[in-house]
Amino acid sequence: AAEWEARDGRAPVLYLRSFSADAVTAEAAESFGGRTEEELTVDAFGGVGPVVAIGRPGEPLPEVGAARLYVGDAQWQEVVAGYMGRASLVVLRLGETMGFWWELERSGRTLDPTGLVILTPYDRAQYELFRAQAKAPFPRPLPDFQESRAKRLLGGRLGTLRGLIWFEADWTPHYVDLSCAAWPWRTAFFFLGHNRLYKKLLWSLRPVYAQRAAAWKARPRWGRALGVAAGLCVIAVFVPSVLRGPA
């Protein structure tokens, strides 16, 4: 992680999550083009800075995605506090461990509000329980749960994530339902070839990028886009002839 930061030169993005989340976010999924949820999440935040995370103790190899930093049980809070103090952004995935609640409390007490993004995999009941328990760290109430059930059912997989919360400079919070994230047609070109999770995360993070004075950019993935276009051309040529049958 230190070498990656040194090569990049920008302040890091600190990704905090419970280690148990790795079991689902580090799985490669066919619907993600063989990539993992963590990889796509890191890509979406990578325009702000190099993404680093505390590695799970004892893991033989780091998961693909954020650069890992390994520390002992006695030092992790000191290391996390140090990274929080110099990070360009802190990304905190909701969890239930004592470590998560320490990270949440410290984030609310020490961070610039514009430097915190909360990722939530929770459904309505789980989120409302969390919101009731999380009143102390923040000067303003966290927003209500939001979700378009129809869009989630019709829109396909977005991994485990349901939404994100970002904050204005006075701690005014905003909940973004990722299933509803949509961009105008004139910008669709820039998302060619990208997975839906990445596109919806990146589009939803535009105000965060603006507040952190980071350049928000979406670039087409030409290889994948051209492959899809070629497949559509083949379908357009051959399907009509098949439907017409032999002359």
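Quick caveat: nothing in here was measured; it's all calculated off a predicted structure.

Asker: Requested: an account of the packing of helix H4 (residues 76-86) against helix H5 (residues 98-110), with residues and values cited.
Answerer: Packing of H4 against H5 brings their axes to within 11 Å, and their N-to-C directions diverge by 30°. Classified by chirality, the crossing of H5 by H4 is right-handed. Contact with H4, carried on its side by Trp-76, Gln-77, Val-80, Ala-81 and Met-84, involves Gly-99, Trp-102, Glu-103, Arg-106 and Ser-107 of H5 and no other residues of that element. When grouped by side-chain class, the residues that make up the contact of H4 with H5 number five nonpolar, three polar and two charged.

Asker: Lay out helix H3 (residues 37-45) with the relevant residues and their values.
Answerer: Of all nine residues in H3, eight are buried, a share of seventy percent or more. Every buried residue belonging to H3 is among Glu-37, Glu-38, Glu-39, Leu-40, Thr-41, Val-42, Ala-44 and Phe-45, and all of these are buried.

Asker: Describe the confidence of the model for the protein, and please don't skip the residues or the numbers.
Answerer: Of the residues in the protein, 75% have a pLDDT of 70 or more, and the chain-wide mean is 83. Averaged pLDDT values for the elements of the protein fall to 53 in helix H10 (residues 222-244) and rise to 98 in strand E4 (residues 89-93). Predicted confidence for residues 222-229 stays below pLDDT 50, and this span has seven contacts to residues more than four positions away or in other chains.

Asker: Go over the pairing of strand E2 (residues 51-54), please, and point to the residues and values.
Answerer: Where a strand is regular, its side chains alternate between the two sheet faces. Because side chains alternate across E2, one face comprises the buried residues Val-51 and Ala-53, and the other comprises Val-52 and Ile-54, equally buried. Sheet topology places strand E1 (residues 13-16) next to E2; two bridges connect them, and they run parallel. Looking across to E2, one finds that Val-13 is bridged to Val-51. Strand direction decides the pairing type here: E2 and strand E3 (residues 67-69), joined by three bridges, are parallel. Paired with Val-52 across the strands is Ala-67, a residue of E3.

Asker: I'd like a rundown of the environment of Leu-40, residues and numbers included.
Answerer: Here Leu-40 lies in helix H3. Under the relative-accessibility criterion, Leu-40 is labelled buried at 2%. Sequence spacing of Leu-40 and Leu-201 is 161 residues, and the spatial spacing of their C-alpha atoms is 8.8 Å.

Asker: Could you give an account of the nonpolar core, naming the residues involved and the relevant values?
Answerer: Ranked by internal contacts, the top residues of the largest apolar core, which has 31 residues, are Leu-14, Leu-116, Tyr-127 and Phe-130. Elements with a minimum of two residues in this core: E1, E2, H4, E4, H5, strand E5 (116-120), helix H6 (124-133) and strand E6 (163-167). Among the elements that make up this core, the one with the highest residue count is H4 (five residues). Residues within four places of Tyr-127 in sequence aside, it is in contact with Leu-94, Thr-120, Tyr-122, Leu-142, Pro-143, Asp-144, Phe-145, Ile-165 and Tyr-175.

Asker: Before we move on, can you summarise the pattern of salt bridges with the specific residues and values?
Answerer: A complete count under the given rule lists 14 salt bridges for this structure. Across the pair Arg-56 and Asp-22 runs a salt bridge, and its minimum N-O distance is 3.2 Å. Separated by 34 residues along the polypeptide, Arg-56 in the loop between E2 and E3 and Asp-22 in helix H2 (residues 22-25) bring together distant segments of the chain. For Asp-22, a relative accessible area of 2% corresponds to the buried category. When salt bridges that share partners are traced, they join Arg-17, Asp-22, Glu-38, Arg-56, Glu-59 and Arg-68 into one network.

Conventions adopted
- Residues numbered from 1 in each chain as written.
- Predicted model: local features only at pLDDT ≥ 70, side-chain atom pairs only at ≥ 80, totals over all residues.
- Heavy atoms only, no water.
- Axes fitted to C-alpha atoms, helices over the stretch in contact; angles between N-to-C directions.
- Helix = DSSP H or I, 4+ residues; strand = E, 2+ residues; numbered from the N terminus.
- Left-handed = near helix turned anticlockwise from the far one by under 90°.
- Contact = heavy atoms within 4.5 Å.
- Nonpolar A, V, L, I, M, F, W, Y, C, P; charged D, E, K, R; others polar.
- Buried < 20%, exposed > 50% of the residue type's maximum accessible area, 1.4 Å probe, protein only.
- pLDDT = per-residue confidence, 0-100.
- Pairing = 2+ DSSP bridges.
- Core = buried A, V, L, I, M, F, W, Y, C linked by side-chain atoms within 4.5 Å.
- Salt bridge = Lys/Arg side-chain N within 4 Å of Asp/Glu carboxyl O.

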